[in-house]
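# Fold and contact review
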Amino acid sequence: MNVLLLGSGGREHAFAWKIAQSNHLNALWIAPGNAGTAQHGENVALNPLNFDEIARFVREKNVDMLIVGPEEPLVKGIADYFALQPDLNNLIVIGPKANGAQLEGSKDFSKAFMLRHGIPTARYQSFSPQTLEAGKAFLSTLNAPYVLKASGLAAGKGVVIPETLVEAEAELEAMLGGKFGEAGNVVVIEEFLPGLECSVFVLSDGKHYFLLPEAKDHKRIGEGDTGLNTGGMGAFSPVSFCDEAFMEKVKSRIIRPTLAGLIAEGIEYKGFIFFGLMNIQGEPYVIEYNCRMGDPETEVVLPRIENDLLEVFRAVGDGTLDKLEGRISRKAAATVVTVSEGYPESYQKGFAIAGLENVSTAQVFHAGTTLKEGKVLTAGGRVLAFTGMGDSVAEALSNSYEGIRQVCYDNIYFRRDIGKGF
Ligand code: AMP
Ligand code: GLY
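Residues numbered from 1 in each chain as written. Chains lettered and ligands numbered in written order. Predicted model: local features only at pLDDT ≥ 70, side-chain atom pairs only at ≥ 80, totals over all residues. Heavy atoms only, no water.

### A closer look at the site of ligand 1
Around ligand 1 sit 15 residues, and of these Glu190, Leu193, Glu197, Lys219 and Glu288 come closest. Residue Glu197 places a side-chain N or O atom 2.4 Å away from an oxygen atom belonging to ligand 1. At a separation of 2.8 Å, an oxygen atom of ligand 1 approaches a polar side-chain atom of Glu288. Broken down by secondary-structure element, the contributors of at least two residues to the shell around ligand 1 are strand S7 (147-150) and strand S17 (283-290). In terms of residue class, the shell around ligand 1 is built from 8 nonpolar, no polar and 7 charged. (Near = heavy atom within 4 Å. Polar contact = N/O pair within 3.5 Å; in protein donor to acceptor, adjacent residues only side chain to side chain. Helix = DSSP H or I, 4+ residues; strand = E, 2+ residues; numbered from the N terminus. Nonpolar A, V, L, I, M, F, W, Y, C, P; charged D, E, K, R; others polar.)

### Some words on the state of the cysteines
Using the criterion set out here, one finds 0 disulfides in the structure. For Cys198, which is in no disulfide, the shortest distance to another cysteine sulfur is to Cys242 and amounts to 3.6 Å. Looking at Cys198, the relative accessible area reads 2%, which means it is buried. (Disulfide = S-S within 2.5 Å. Buried < 20%, exposed > 50% of the residue type's maximum accessible area, 1.4 Å probe, protein only.)

### A short note on the side chain of Thr37
Structurally, Thr37 can be placed in the loop between strand S2 (27-32) and strand S3 (42-43). Residue classification places Thr37 among the buried residues on the basis of a relative accessible area of 0%. At 2.8 Å, the side chain of Thr37 forms a polar contact with the backbone nitrogen of Asn34. The residues contacting Thr37, other than those within four sequence positions of it, are Glu12, His13, Ala16, Ile30 and Asn43. (Contact = heavy atoms within 4.5 Å.)

### Quick look at the sheet that holds strand S11 (residues 209-211)
Pairing is antiparallel in the open sheet, where 4 strands are placed in the order S11-S10-S16-S17. Lying at the two open borders of the sheet, with one neighbouring strand each, are S11 and S17. Across this sheet, the average inter-strand angle for adjacent strands is 35 degrees, counted without regard to direction. Relative to S11, strand S10 (residues 196-205) runs antiparallel, the two being bridged by 3 bridges. Within the sheet, the bridge partner assigned to Val202 lies in S11 and is Leu211. Helix-sheet contacts for helix H9 (residues 244-264) involve S10, S11, strand S16 (270-280) and S17, and the interaxial angle to S17 is about 40 degrees. (Pairing = 2+ DSSP bridges. Axes fitted to C-alpha atoms, helices over the stretch in contact; angles between N-to-C directions.)

By themselves, these figures tell us nothing about what the structure is for.
Structure, rendered in structure tokens:
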């Protein structure tokens, strides 16, 4: 198979690494990719949001499968675009059409969807600039802390959790006043759910689903889960509090009703659904849906899947995921992300990374790197993800941290407490 993978982060490096192990691979291109993806295929300078440019490449190279890593092209309709090209009707696209991607692209849509289908989530209401006063009144009916979410895509930054009512009212005004641009034209205000957060992933072929290993990530920049939210500073899998009883509830109350709801609403969903969940004393609630895999969760989920990934993706294209036997490793996986000091705010890039060839205890996935004159340079806030494996999460983590010790670059920062206490 000829495969084109869109994206440039650690998630895409992990996909490229796993796809390169497939017996069915002929050629792999990554657009635009990074220095890590270049080890497993050819990086091509295409913009994932320029669908005409991607279609030209797909035709020229006889691409059989298009895998969309990030959410933005999905929310903007890349799968719809390709479905409308009659000469490309054999192309398998991994990722939903825009109507399915709304699960992530519009929190207003996803909350109403959950309500329609009886899927457990936090109580909420949506507000616009015209209903600011009603929003303040709704806030006063809730207990602290308050959860305010820009409805549209805001690059993972659109959720604010103020501690006091005064701060929450000011935040609501700022969001409806354009703080997050168009994404904040509608703001969802919801009840705060106290519990343990985890991520569950399925791949859907429109009728059936394949359950991937669950994971837990660490979103805050600082140790002890303090400071600003980031894309994710580390993750591990399996997650001890996602035991069998909990996962059965997740399947019966969340996964199956979500897929049945999509079908009932005429939404054909072929791609990943990432369920951001809260475990409240053993009961699962949905915090959010994403229409893609998580990053850095992918860096611990894929290493635990023993199936040939292109066989899994082909079954998505054929609608035969029910025939596929999932093989999940009993090993634990953990990943620790090294970032550039200053992330998630401003940071410098362009520093040389040394020692990558000395890492033997972990698989290094590149998140934000670039190749220049044969050297690997930092090119992002999140730079590298070190995935270790082991018989336990603790052993996997010790392999990740041992890997980090071999590598250095200017302004490196990472959390030393990933997975601690779990
Ligand atoms: P989201 O982008 O919706 O995942 O929200 C970002 C983060 O905010 C989540 O990972 C949670 O840690 C937190 N969060 C979002 N909604 C809630 C909620 N209703 N209760 C508690 N925490 C929440
Ligand atoms: N790590 C969280 C996400 O990918 O949204």
